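# Per-entry structural report
One-letter residues, chain by chain:
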Amino acid sequence: MTYITKPQLHHPKLAANSLGYTRRDYEGSVSTLCAGCGHDSISAAIIQACYELELPPHRIAKLSGIGCSSKTPDYFLGNSHGFNTVHGRMPSVLTGANLANRDLIYLGVSGDGDSASIGLGQFAHSIRRGVNMLYIVENNGVYGLTKGQFSATSDKGSKSKKGVVNHDAGIDLVMLALQMGATFVARSFSGDKAQLVPLIKAALAHKGAAFIDCISPCVQFNNHVGSTKSYDYVREHNEAVNRLDVVVPRDEIQVDYAPGTTVPVAQHDGSILQLHKLAQHYDPSDRVGALAYLQARQALGEIVTGLLFLDPEARDLHENLDTVDVPLNSLNEAELVPSLDVLAKLNASLR
Amino acid sequence: MSLEAVNDFVVKFANVNGSGSASANGMFAKSILRMGVPVAARNIFPSNIQGLPTWFEVRVTGAGHLGRRGGVDLMVAMNPQTWDRDIAEIEPGGYLFYDSTKPLPREKFRDDINVVGVPLTAICNAAYQLPRERQLFKNIIYVGALAALLGIELEVLETLLGEQFKGKDRLITANVAALKMGRDYVAENLHPLGLKVVRADAVGDRIFVEGNMASALGAVYGGATVCAWYPITPSTSLAEAFTGFCEDYRTDPETGKARYAIVQAEDEIASIGVVVGAGWNGARAFTATSGPGVSLMTEFIGLSYFAEIPAVIFDVQRGGPSTGMPTRTQQADLLAGAYAGHGDTKHPMLLPADPGECFEMGALAFDLADRLQTTVFVMLDLDIGMNEWLTKPFEWDPERKLDRGKVMTYEDLEAGKEFGRYLDVDGDGVPYRTYPGVHPTKGGYFTRGTSRNPYARYSEEGSVYVDNMQRLLRKFDTAKALVPAPIARLAKRATREGVIYFGSSTPSMHEALETLDAQGLHLDAMRVRGFPFADEVFDFIAAHDRVFVVEQNRDAQLRTLLVNEGDVAPAKLVPVLNYDGSPITARFIAGAVGGLMTAAARVRAPEAAE
């Protein structure tokens, strides 16, 4: 959390997108996270993705829970409404916000402590309901704000900064999201902006529950030998199954159809995802196959990144509830309050 | 000796849970209502689906006393498990109605009561082959028999059966036949009782409805569009009724789409989380729960208080603490509602006394939540929530607007109005808010549970925190004038003694006041209907030497709130407490208060002589 605003001065020739916004318009307050924190890289990726997607910043609602990661919404999209809720409970608040106004874009930011421990239930249920959102977990495998305890995503056998070995099995949020029915599932690395930015863009364009687990090393408490969430470990064990480009509908669509290497996937909003396969047999439309692949690679100590699963025909919570197309918070008395005739009939039926 | 009474007696049915008696007993109550005689019905049921004892009490009350009286004039003893305690409850001269198929030893009865035996099992076994039929129709047969014994018109019961099984003629015919079996047995073998139902015109246009249903309808008229809930007795039927009403009345006629969103959440924490999120984003949202749910929601309620987000909670109170008595009634969440949260928190509460007020306050709660930007509790209890009460019909002013409170719009922001999310512009402690997404460059802010300055910027400055907390107190003071005012009911003669009460105790309290008055014991009375308490409440206390506080919990929670919020001398407030899980009775109040008043008079008399 910070109260330090960024200086208003900026280069007059900063490029603006078609809405007239520069990158600065997508920034927020000055980060007070540790220098080198992976979370700041994720914030930068969010800023770049929103700028490139040409989203009006104020139409994005950013919500978080409690923890280092949950402080980060203060550091991007300064003109958006943000909500730093309570520990682990961001998903329910985001669900309610989404129900109130389906026209906004919802970005939930959470951490492994927030989402994999106290908030595991809310994480799972928001995913299974298909809330239209991008849910990012900034996963550093450690409790940073309370100085270095293991989190529930810490891998079994990994070591803390003090050399303590973790004997508990780690929770893999990607596999959980797949099992819970997430319709967009990805994993990335805060140190791989080239991969992360298009994933965020694609997830924001996705209609339904989109989840990105982003390994984000904690430079203070979990960036040492023995950690499986350090910069070095992730760089050495990262196995990207694909690369992604997002072509938004307003651009001329040019897709490389080279067989066997690129898969074009149309999303609800008309954007096209160009999915470049790296792992030859990986199929991101196969939920069961994705789970098996992830488990096999995890057993080898590898961290699979990229777009792991996508259902381009996903339905979101509003569709499941069959709500009206306009935001519920915009309905007026005439649309909400039944007539006096209704009341008269009800009274008559109760005598 | 035989009791004799016309339109003024208590019938209690002792049944086994799951035996299908509920609809038959309910039909019995409603038939008397259809004859123009008021009834007060109470379902007393176990936390169990099948097998344990359950009771249904019907007070026939030509005088319109809608609380429980106490005592039983006619016991319909259909449960061998509870036979002894059921017999013990009957008033001297009262009546026992039982299944006389098998003879019972003399010691199973009482000499001072009248026994009415009908061989229900024998009649059923002769008429029906299937065990389930025998069980269900036995209930209808005893209703037919009771109708004949009490003078209830069979045509009224037939009409009710016709309504209940509309379109299912075969069921109507079968049930009417069963009714007649009971009636015919009585006509041929027994005489009418001294207790009689005589057609009257004392019901008027009142309706017979549960508080939960009325609250749900209040939420519909109050403009609630988001409901998130988790099943818990006794609040579940509130959310279910809201769902039904929305399906009927909140569907877009052109598209068939829903103008509402209802989520059965994974738990109470998620329920209130959804409500807070929706409230933050400008929708009217609520949850329905009971005490254990409020415990789980407490963290979010604190967030709602400090981050100033509208939310409505219908708390249908039950017996606590912990799991307590889940299907019994209490008024034991007052302190939890008033102060839920850590740190210094206070929440407005509305205290309806009957389903009519559940409807009104159910709608009002949403205006108040938006106006005050905080959690507002509607404090029902199981007695109001799950029992059908005779109450005034639902009324609505078609000109009434939903009060969205202080919301700064795009036009306001464009016009250059200063926006500080927690800025007290009007001096009433209530700031302006904006809905997310309203303006590209103005009105955005960060909502958080941590301390912040009037412009919503994080701050740990002590003075900033204190200013904010003081503003929240000002806001709570503003709420005093917005919650429903208390209602005073002055004694016929001037008195220095008073009584304060609220909620479901109200009808029993009113009857007790009449009883006490007839005994020459005069009390001024005040019913509180909202928290924070209006100044009139404390003026009332100041104007009396002693004030009884009648409530349904062990620790005198209303009294504690009065002492705490009004700086009242505790000795001045005398607790009168009923907390056995059954609704408070007029006899209990009159006995307890009357006893205390008489005892005090005895103490004063010698002093006066000196």
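One can find the structure itself at the top, above this paragraph.
Residues numbered from 1 in each chain as written. Chains lettered and ligands numbered in written order. Predicted model: local features only at pLDDT ≥ 70, side-chain atom pairs only at ≥ 80, totals over all residues. Heavy atoms only, no water.

Scanning chain B from N- to C-terminus turns up 19 helices and 23 strands. The globule rule puts the C-alpha radius of gyration for 610 residues at 25 Å, and the 27 Å found for chain B is close to it. Considered along the principal axes of its C-alpha atoms, chain B spans approximately 85 × 80 × 40 Å. Working note: accessible area of chain B is about 22,900 Å², and carbon and sulfur atoms make up 52% of it. Between the averaged position of the 60 positive side-chain charges in chain B and that of its 75 negative side-chain charges there is a distance of 2 Å. (Helix = DSSP H or I, 4+ residues; strand = E, 2+ residues; numbered from the N terminus. Rg over C-alpha atoms; globule rule 2.2 N^0.38 Å. Areas by Shrake-Rupley, 256 points an atom, 1.4 Å probe, with all protein chains shown as cover. Lys, Arg positive; Asp, Glu negative; His and termini not counted. Charge placed at Lys NZ, Arg CZ, Asp CG, Glu CD.)

Right, let's get into helix 6 (residues 173-180) of chain A. In an α-helix there are 3.6 residues to a turn, and that puts residues three or four apart on one side. Residue and element names in this part refer to chain A. Most of helix 6 sits out of view: six of its eight residues are buried. Within helix 6, burial applies to Leu 173, Val 174, Met 175, Leu 176, Ala 177 and Leu 178. In this structure Asp 172 caps helix 6, since a side-chain oxygen of it lies 2.9 Å from the backbone nitrogen of Val 174. (Buried < 20%, exposed > 50% of the residue type's maximum accessible area, 1.4 Å probe, protein only. Polar contact = N/O pair within 3.5 Å; in protein donor to acceptor, adjacent residues only side chain to side chain.)

Listed as interface residues are 71 residues of chain B and, on the opposing side, 59 residues of chain A. Here chain B meets chain A over a buried area of about 5,500 Å², counting both sides, of which 63% is carbon and sulfur. Applying the counting rule to chain B against chain A returns 22 residue pairs in polar contact (both at pLDDT 80 or more). Counting residues per element, the ones that place at least two in the side of chain B that touches chain A are helix 1 (21-34), strand 9 (207-210), helix 7 (211-221), helix 8 (236-249), strand 11 (261-264), helix 9 (268-280), helix 10 (291-307) and strand 17 (446-448) of chain B. In terms of residue count, helix 9 of chain B provides more of the side of chain B that touches chain A than any other element does, eight residues in total. (Contact = heavy atoms within 4.5 Å. Buried area = accessible area lost by both parts, 1.4 Å probe.)

All right, on to unusual backbone geometry then. Residue and element names in this part refer to chain B. A cis geometry characterises the amide bond from Thr 233 onward to Pro 234, with omega recorded as 5°. On the secondary structure map, Pro 234 appears in the loop between strand 10 (226-229) and helix 8. Residue Pro 532 follows Phe 531 across a cis peptide bond; omega there is 10°. Its identity is not glycine, yet Asn 7 carries a phi of approximately 55°, on the positive side. By the element assignment, Asn 7 lies in the loop between strand 1 (5-6) and strand 2 (8-16).

Let us look at the sheet that holds strand 5 (residues 72-77) of chain B. Residue and element names in this part refer to chain B. Read across the open sheet, the six strands follow the order 3-4-2-5-6-7; overall the sheet is mixed. With one partner strand each, in any of the chains shown, strand 3 (39-44) and strand 7 (114-118) form the two edges of the open sheet. Recorded for the sheet is a direction-independent mean angle of 15° between the axes of neighbouring strands. Two elements, strand 2 and strand 5, share four bridges in a ladder whose sense is parallel. If you follow Phe 13 over to strand 5, its bridge partner there is Val 76. Sitting on the sheet, helix 4 (residues 131-150) touches strand 2, strand 5, strand 6 (90-99) and strand 7, and the angle it makes with strand 6 is about 140°. (Pairing = 2+ DSSP bridges. Axes fitted to C-alpha atoms, helices over the stretch in contact; angles between N-to-C directions.)

Core analysis: the largest hydrophobic core is formed by 149 residues, its most contacted members being Phe211(A), Phe242(B), Phe286(B), Phe314(B), Ile500(B) and Leu562(B). Of the residues forming this core, the biggest block, nine residues, is contributed by helix 12 (residues 355-372) of chain B. Leaving out residues up to four positions away in the same chain, Leu562(B) has contacts with Ile500(B), Phe533(B), Val537(B), Phe538(B), Ile541(B), Val549(B), Asp567(B), Val568(B) and Leu573(B). The next biggest cluster of nonpolar side chains, apart from the first, holds 58 residues, and it includes Leu74(B), Ala145(B), Leu160(B) and Val197(B). (Core = buried A, V, L, I, M, F, W, Y, C linked by side-chain atoms within 4.5 Å.)

All names here are of chain A. Inspection of the secondary structure assignment puts Leu 33 in the segment before helix 1 (38-53). Between the alpha carbons of Leu 33 and Ser 230 there is a distance of 17 Å; along the sequence they are 197 residues apart. Contact partners of Leu 33, with chain neighbours within four places excluded, come to His 39, Asp 40, Cys 68, Lys 71, Thr 72 and Tyr 75.

Bringing helix 5 (residues 154-164) of chain B into the picture now. Residue and element names in this part refer to chain B. Looking only at helix 5, the buried set comprises Leu 154, Val 156, Leu 157, Leu 160 and Leu 161. Axial view of helix 5: buried residues confined to an arc of 160°, hence all on one face. Those residues of helix 5 that are buried are in contact with helix 1, helix 4 and helix 6 (169-189). (Arc of directions from axis to C-beta.)

On to the pattern of salt bridges, then. Residues and elements named next belong to chain B. If you walk through the whole model with that rule in mind, you get 50 salt bridges over all chains. Across the pair Arg 284 and Asp 367 runs a salt bridge whose closest N-O atoms are separated by 2.9 Å. Residue Arg 284 is found in the loop between helix 9 and strand 12 (285-289), and its partner Asp 367 is found in helix 12; the two are separated by 83 residues along the sequence. A network of salt bridges, in which partner residues are shared, links Arg 284, Asp 367, Asp 370, Arg 400, Arg 404 and Arg 433. (Salt bridge = Lys/Arg side-chain N within 4 Å of Asp/Glu carboxyl O.)

Before going further, it helps to examine the packing of aromatic side chains. Counting across every chain of the model gives 30 aromatic pairs over all chains. With a centroid separation of 5.0 Å and 65° between ring planes, the pair formed by Tyr282(A) and Tyr293(A) is classed as edge-to-face. Of the two residues, Tyr282(A) is situated in the loop between strand 12 (272-277) and helix 9 (287-299) and Tyr293(A) in helix 9; the sequence distance between them amounts to eleven residues. On the accessibility criterion, Tyr282(A) (3% relative accessible area) is buried. On the basis of relative accessibility, which here comes to 18%, the residue Tyr293(A) falls in the buried class. An aromatic cluster is present here, built from Tyr339(B), Phe476(B), Phe531(B), Phe533(B) and Phe538(B) joined pairwise through their rings. For Arg452(B), the ring lying beneath its charged end belongs to Tyr422(B), and the centroid distance is 3.7 Å. (Phe/Tyr/Trp six-rings, centres within 6.5 Å; stacked < 30°, edge-to-face > 60°. Lys NZ or Arg CZ within 6 Å of the ring centre and 35° of its normal.)

How two helices pack is summed up by the angle between their axes together with the distance between the axes. All names here are of chain B. Here helix 7 crosses helix 8 at 45°, and the two axes come no closer than 8 Å. Taken together, the axes of helix 7 and helix 8 lie oblique to each other. Handedness of the crossing formed by helix 7 with helix 8: right-handed. From helix 7, Asn 212, Met 213, Ser 215, Ala 216, Leu 217, Ala 219 and Val 220 reach across to helix 8, where they touch Ser 237, Leu 238, Ala 241, Phe 242 and Phe 245. Tallied by class, residues from the contact of helix 7 with helix 8 come to nine nonpolar, three polar and no charged. (Parallel < 35°, antiparallel > 145°, perpendicular 65-115°, else oblique. Left-handed = near helix turned anticlockwise from the far one by under 90°. Nonpolar A, V, L, I, M, F, W, Y, C, P; charged D, E, K, R; others polar.)

All names here are of chain B. Its place among the elements puts Arg 527 in strand 20 (residues 524-527). For Arg 527, a relative accessible area of 8% corresponds to the buried category. Only 2.9 Å separates the side chain of Arg 527 from the side chain of Glu 357, close enough to count as a polar contact. The residues contacting Arg 527, other than those within four sequence positions of it, are Leu 351, Ala 353, Glu 357, Pro 486, Ile 487, Tyr 501, Phe 502 and Thr 506.

All names here are of chain B. Assignment of secondary structure puts Ser 504 in the loop between strand 19 (497-501) and helix 16 (506-518). Residue Ser 504 is classed as buried on the basis of its relative accessible area, which comes to 2%. Here the side chain of Ser 504 touches Gln 552 through a polar contact of 3.2 Å, side chain to side chain. Residues in contact with Ser 504, not counting those within four places in the same chain, are Gln 331, Pro 352, Ala 353, Asp 381, Asp 383, Ile 384, Trp 389 and Gln 552.

All told, the structure shown has zero disulfides over all chains when counted by the stated rule. Free of any disulfide, Cys50(A) has its nearest cysteine sulfur in Cys214(A), 14 Å distant. (Disulfide = S-S within 2.5 Å.)

Function cannot be inferred from these measures alone, as they are strictly geometric.
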